[in-house]
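Residue-level listing of the chains:
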Amino acid sequence: MKYDPEMMVRSRSGPRLPELNAGTVRWAVIVILAIVLLSTTFYSVATDEVGVVKRLGAYVRTVPSGLHMKLPFAFEKVHKVRVKHVFKEEFGFATERPGVRTVYRRGDFSAESLMLTGDLNAAVVEWIVQYRINDPVKYLFEVRDVPGTLRDAAEASMRLTVGDRSVTEVLTIGRREVADQAQLVMQGILDEYGTGIVIETVNLKDVNPPDPVKPSFNEVNEAKQERERLI
């Protein structure tokens, strides 16, 4: 058997891979570029959204739901904003898992729920704010932190409103008026800041005296009811 150097080289290096010609490489590059171009040119906007388009960082247009085109790559960017969705913020409590039997998160929320009434009594107020985005351009570009601004405005408005009423009004007959007035004050603050959101509803979930004074407050209520019964 004769020694074949070429056969020994082939056996050591393994099977040879097929060589790619210049035309194949060129077409592969063209296909990849075409895919990238199409994926960065066409985009879709959901039915509850609008698309806010920026060109090189500057706002240029707002588009409705559907399929649209834009300049490819980073020349134009699209921010999708849910303008038909109703968002919710909770104050004085936090929902951990909603459902038939809602589970609430444990924690101390007294920093935002404990308030002083107009007759210098304390009340623990829990409330909900529901809102929509009605101006997506302002929402994106006018205020840096719209949710944080909303929470600050909501707390300030509720404290101002509760501070103008007696503890009896806040706990009983004046709850609806407190919610309505807080909504008006809150909307005025948000409009002044240019947040681009509109408040749908403000609902007082629960209003109670602080835990340390609950027994005394209940005794006062029982005494008032007993007096009315006797009269």
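Please refer to the structure placed before this passage.
About the cut-offs
Here, residues in each chain are numbered from 1, in the same order as that chain's written sequence. Selection of residues for local features in this predicted model requires a pLDDT of at least 70, selection of side-chain atom pairs for listing and counting requires 80 or more, and totals for whole chains, interfaces and linings are taken over all residues. Only hydrogens and water are set aside; all other atoms, that is, all heavy atoms of the structure, feed into the side-chain values. Planes of paired rings set the category: under 30 degrees apart is stacked, over 60 is edge-to-face and the rest tilted, where pairs are Phe, Tyr or Trp rings (Trp by its six-membered ring) whose centres lie within 6.5 Å. Each helix is a run of H or I in the DSSP string that is no shorter than four residues. Each strand is a run of E no shorter than two, and both are numbered from the N terminus. To sort residues, take the accessible area from a 1.4 Å probe on protein chains only and compare it with the maximum for the residue type: under 20% means buried, over 50% means exposed, and anything in between is partly exposed. For a Lys NZ or an Arg CZ to count as sitting over a ring, it must be within 6 Å of the ring centre and within 35 degrees of the ring normal. One bridge is not enough; two strands pair if DSSP finds at least two bridges between them. Helix axes use the C-alpha atoms of the stretch in contact, all axes being lines fitted to C-alpha atoms, and the angles between their N-to-C directions lie in the range 0 to 180 degrees. Two residues qualify as a contact provided that any one of their heavy atoms is within 4.5 Å of a heavy atom in the partner residue.

Visitor: Explain the packing of aromatic side chains to me, please; I cannot follow it from the model alone.
Guide: In this description, a pair of aromatic rings is defined by centroid distance and the angle of the planes. Tallied over the full model, the rule gives three aromatic pairs. Considering the side-chain rings of phenylalanine 87 and tyrosine 131, the 5.5 Å spacing of their centres and the 25 degrees angle between planes classify their relative orientation as stacked. One end of the pair, phenylalanine 87, is in strand 6 (residues 87-91); the other, tyrosine 131, is in strand 10 (residues 122-133), with 44 residues separating them in the sequence. On the numbers, 4.6 Å between centres and 5 degrees between planes, the contact of phenylalanine 91 with tryptophan 127 is stacked. Of this pair, phenylalanine 91 sits in strand 6 while tryptophan 127 sits in strand 10; the two residues are 36 residues apart in sequence, bridging distant segments of the chain. In terms of burial, phenylalanine 91 and tryptophan 127 fall into one category: buried. Looking at arginine 151, its charged tip hangs above the ring of phenylalanine 91, at a distance of 4.2 Å from the centre. Lysine 205 extends its terminal NZ or CZ atom over the ring of phenylalanine 93, reaching a point 4.8 Å from the ring centre.

Visitor: Sorry, what's going on with the sheet that holds strand 3 (residues 58-63) here?
Guide: Hydrogen bonds between backbone atoms are what pair the strands of a sheet, whose relative direction is either parallel or antiparallel. Ordered by their spatial adjacency, three strands build an open sheet running 3-2-5, and the pairing between neighbours is antiparallel. Only two strands of the sheet have a single neighbouring strand rather than two, namely strand 3 and strand 5 (76-82). Strand-to-strand, the axes of this sheet are offset by a mean angle of 25 degrees, without reference to chain direction. Here strand 2 (residues 49-55) runs beside strand 3; their pairing, made up of five bridges, is antiparallel. Across the sheet, the residue bridging to valine 52 is threonine 62, located in strand 3.

Visitor: Honestly, the side chain of serine 113 in this entry has me stumped. Any pointers?
Guide: Mapping serine 113 onto the fold places it in helix 3 (residues 110-113). Ignoring sequence-local partners within four residues, the contact set of serine 113 consists of Gly92, Ala123, Val124, Val125 and Arg159.

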